[in-house]
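# Summary of the model geometry
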Amino acid sequence: MRLTALLSALLLAAAPLCAADAGLTLAGSDLLGAKFSTGLTALAKRTGVSLTLNLTGSHSGLESLQNGKADVALLVFAPQEKPPGPPFVALPVAYHTVIAVVPADLPLEQLSFAQLLTIYSVYGGDQPPKNWDALGVPASSPWSHLPIAPVLSGSGGGLAYDLFRHDVLTSHELRAIVVVETDGAAALKHLADGSSGLALVASLPPGRKDLKALSLSRGANSTAYGPTPENVHAGDYPVRLPLQVVIRAEAAKRALPLLRLLFSAEAVPLWQEAQLVPLSTSDREDQVAKFESK
């Protein structure tokens, strides 16, 4: 009898420890790529987070979260959709964007949506290629009378293609001269070797001194903003779609090790590799603090 009681007491004492040590399951978006999954798994292992990934899509990820089969989900919602409300908490961890990239020595710093339309769409007719002087490049520049070669990252380059069509092209069609490449890396190759190309991609890889990202504005008289983490998160940069970390509020405390990992400095290269814009240091800290207060 005493032995039975002792074993029961030991099992009861161990139960909370086992629950705390149980692994976490992360479900959600399938847009992040194999390198992200491999990198996050390795990062979790180094930091002692027991993690199972099930990144098969945002729809299935939300179902897994609602059914209790996932602890945390990384979800992308269409612009007209809203993240789930209570008892769930949703906060952005990174952003899908469209970035206009040109050669670094081109004397141009910004574009408006209207200018992008004249370059990429049949708005006003499928005319011959525009020259850079049409966008304000000074006539004294050797670039001014060169034709603009428009390139667009395709479906293999994050959500750049879909976001550009939804936010900028709207109902207009692409011009026949626009080259649609498989992904961002292929699109950026068109800007090498002195090309006068303009590439719309999901991200500009860090360290590319030969290229630069232009600031964008919605209207001709609107302020143009560059695609910095601060501008994107604040909503000043005009093209963005958040990747949300979604969790049940009551589960936030147990999942804090994973949440801190997703918002850590070590995870920033993983978001960049997945062609997303991560949050700034201060914004990442703010998001973690919000989860910690749940």
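Residues numbered from 1 in each chain as written. Predicted model: local features only at pLDDT ≥ 70, side-chain atom pairs only at ≥ 80, totals over all residues. Heavy atoms only, no water.

### Remarks on the packing of aromatic side chains
Each aromatic ring pair is described using two quantities: the centre-to-centre distance and the angle formed by the ring planes. Formally: Only the six-membered ring of Trp is used, alongside the rings of Phe and Tyr, when aromatic pairs are assigned; centres must lie within 6.5 Å, and planes under 30 degrees apart are stacked while those over 60 apart are edge-to-face, with the rest tilted. Per the convention used, a helix needs a DSSP run of H or I reaching at least four residues, while a strand needs a run of E reaching at least two, with both numbered from the N terminus. Here the term buried applies to any residue with accessible area under 20% of the maximum for its type, exposed to any over 50%, and partly exposed to those in between, with areas from a 1.4 Å probe on protein chains only.
If you walk through the whole model with that rule in mind, you get three aromatic pairs. Taking the centre distance of 5.3 Å and the plane angle of 70 degrees together, the rings of Tyr-120 and Phe-164 count as edge-to-face. Within this pair, whereas Tyr-120 is found in helix α4 (residues 113-120), its partner Phe-164 is found in helix α5 (residues 160-169), the two being separated by 44 residues in sequence. One exposure class covers both Tyr-120 and Phe-164, and it is buried.

### What about the nonpolar core?
This is how the line gets drawn: Only buried Ala, Val, Leu, Ile, Met, Phe, Trp, Tyr and Cys residues count toward a nonpolar core, and they belong to the same one when joined by side-chain atoms within 4.5 Å. By the convention used here, residues are in contact when the closest approach between their heavy atoms is within 4.5 Å.
By size, the foremost hydrophobic cluster in this structure holds 80 residues, and its most contacted members are Leu-74, Tyr-120, Trp-132, Phe-164, Leu-198, Leu-262 and Trp-271. Not counting chain neighbours up to four residues away, the residues in contact with Trp-132 comprise Val-102, Leu-106, Leu-108, Val-137, Trp-143, Ser-144, Leu-146, Pro-147, Ile-148, Ser-196, Gly-197 and Leu-198.

### Quick notes on the pattern of salt bridges
Let me state the cut-off plainly: By salt bridge we mean one thing: a side-chain nitrogen of Lys or Arg within 4 Å of a carboxyl oxygen of Asp or Glu.
This structure, assessed with the given rule, holds six salt bridges. Between Arg-208 and Asp-210 there is a salt bridge, and its shortest N-O distance comes to 2.9 Å. The partly exposed category is assigned to Asp-210, whose relative accessible area is 39%. The partner of Glu-292 in a salt bridge is Arg-260, and the shortest N-O contact between them spans 3.0 Å.

### Re the sheet that holds strand β4 (residues 88-97)
Strands in a sheet are paired, the pairing made by backbone hydrogen bonds, and the direction either parallel or antiparallel. Keep this limit in mind: Two strands are said to pair when DSSP picks up at least two bridges between them. Simply put, an axis is a line fit to the C-alpha atoms, just over the touching stretch for a helix, and the angle between two N-to-C directions goes from 0 to 180 degrees.
Here six strands make up an open sheet; going across it, the order is β2-β1-β3-β12-β4-β13 and the pairing mixed. The open sheet has two free edges, formed respectively by β2 (51-54) and β13 (277-278), since each of these has just one partner strand. Bridging between β4 and β13 involves two bridges; their strand directions are antiparallel. Each bridged residue has a counterpart across the sheet, and for Tyr-95 the counterpart in β13 is Val-277. Sitting on the sheet, helix α3 (residues 58-66) is in contact with β1 (24-28), β2, β3 (72-76), β4 and β12 (240-248), with an inclination near 150 degrees to β3. Set on the sheet, helix α10 (residues 281-292) makes contact with β4 and β12; between it and β4 the angle comes to about 165 degrees.

### Some details on the environment of Asp-71
The test is simple: Here a polar contact means two N or O atoms within 3.5 Å. Within protein one must be a hydrogen donor candidate and the other an acceptor candidate, and residues neighboring in sequence count only if both atoms are side-chain atoms.
Relative to the helices and strands, Asp-71 resides in the loop between α3 and β3. Each C-alpha atom, one on Asp-71 and one on Val-246, is 8.9 Å from the other, the two residues being 175 residues apart in sequence. Setting aside its immediate chain neighbours within four residues, Asp-71 contacts Gly-23, Leu-24, Thr-25, Leu-65, Ile-247 and Arg-254. A distance of 2.7 Å separates a polar atom in the side chain of Asp-71 from the backbone nitrogen of Thr-25.

### Quick look at α5
Applied cut-off: Directions pointing from the helix axis toward each C-beta atom define the arc.
Listing the buried residues of α5 in full gives Ala-160, Leu-163, Phe-164, Asp-167, Val-168 and Leu-169. Around the axis of α5, the buried residues are gathered within 160 degrees of arc, so they sit on the same side. Once α5 finishes, Thr-170 follows within two positions and takes phi at roughly 50 degrees, a positive value.

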